[in-house]
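A structural walkthrough
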Amino acid sequence: MLFQDVFWHSPLDMSISKGTEDRLLSRMEVLGIKESDLVEKFILGSGKGGQKVNKTSSCVYLKHLPSGIEIKCQQERSRALNRYRARAELCNKIEEQLFQEKSKTQQLISKIRRQKRKRSKRAQEKILTQKRQHSQIKNLRKSTES
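The following paragraphs examine the structure supplied in this document.

**Re the packing of aromatic side chains**
For any pair of aromatic rings, geometry is given as the distance between the ring centres together with the angle between the planes. In the structure shown here, the tally under the stated rule is 0 aromatic pairs. For the cation-ring pair, Arg-79 lies above Phe-42, with the distance from its terminal atom to the ring centre recorded as 4.1 Å.

**Considering the pairing of strand 2 (residues 59-64)**
Most of strand 2 is tucked away: 5 of the 6 residues are buried. When strand 1 (residues 38-43) meets strand 2, the two strands line up antiparallel, connected through 6 bridges. Among the inter-strand pairings, Phe-42 is bridged to a residue of strand 2, identified as Val-60. Here 5 bridges tie strand 2 to strand 3 (residues 69-73), and the two strands are oriented antiparallel to one another. Following the sheet pairing, Lys-63 is matched in strand 3 by Glu-70.

**Looking at the pattern of salt bridges**
Summed over the entire model, instances satisfying the criterion amount to 6 salt bridges. A salt bridge links Glu-40 to Arg-83, with the shortest nitrogen-to-oxygen separation between them at 2.7 Å. Here Arg-83 lies in helix 4 (residues 79-99) and Glu-40 lies in strand 1, a separation of 43 residues in the sequence. The partner of Lys-63 in a salt bridge is Glu-70, with the nearest N and O atoms 3.7 Å apart. The network of salt bridges with common partners includes Glu-35, Glu-40, Arg-83 and Arg-87.

**Some points on the side chain of Ser-58**
With respect to the helices and strands, Ser-58 occurs in the loop between helix 3 (51-55) and strand 2. Residue class for Ser-58 comes out buried when judged on its relative accessible area of 11%. Residues in contact with Ser-58, not counting those within four places in the same chain, are Ile-43, Cys-73, Arg-77, Arg-79 and Asn-82.

What counts, and at which threshold
Residues numbered from 1 in each chain as written. Predicted model: local features only at pLDDT ≥ 70, side-chain atom pairs only at ≥ 80, totals over all residues. Heavy atoms only, no water. Phe/Tyr/Trp six-rings, centres within 6.5 Å; stacked < 30°, edge-to-face > 60°. Lys NZ or Arg CZ within 6 Å of the ring centre and 35° of its normal. Buried < 20%, exposed > 50% of the residue type's maximum accessible area, 1.4 Å probe, protein only. Helix = DSSP H or I, 4+ residues; strand = E, 2+ residues; numbered from the N terminus. Pairing = 2+ DSSP bridges. Salt bridge = Lys/Arg side-chain N within 4 Å of Asp/Glu carboxyl O. Contact = heavy atoms within 4.5 Å.

Now the structure itself:
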């Protein structure tokens, strides 16, 4: 059974549209990802969702043999959507390896980390001295009338 055969369902089945699937398949082709190079397993999910998650094998495990990249996807309840998302994530990771660029999400994460990072002692001292100087200047501007 081919990847294409599984993805195309009726519009009532909250699945992937044919156009979206075609875009992903063309992206995989450009990146040199073949279906024969993928090992795909469906495993029991875990986490939030209660009994339904624990009973159904909707979690997708995907391994790209040439690169050794492993992906586990359980974002959606539907197996078809998880298959799509796992392949899209695989494309992102391989693209990242090929172009050796940080993805936008990784750039955002590192930016947030830098922003939250604690200031060094020297930087804190510098800021405090500037504040003190500014305070002294303001005090000089005050009127001395009492």
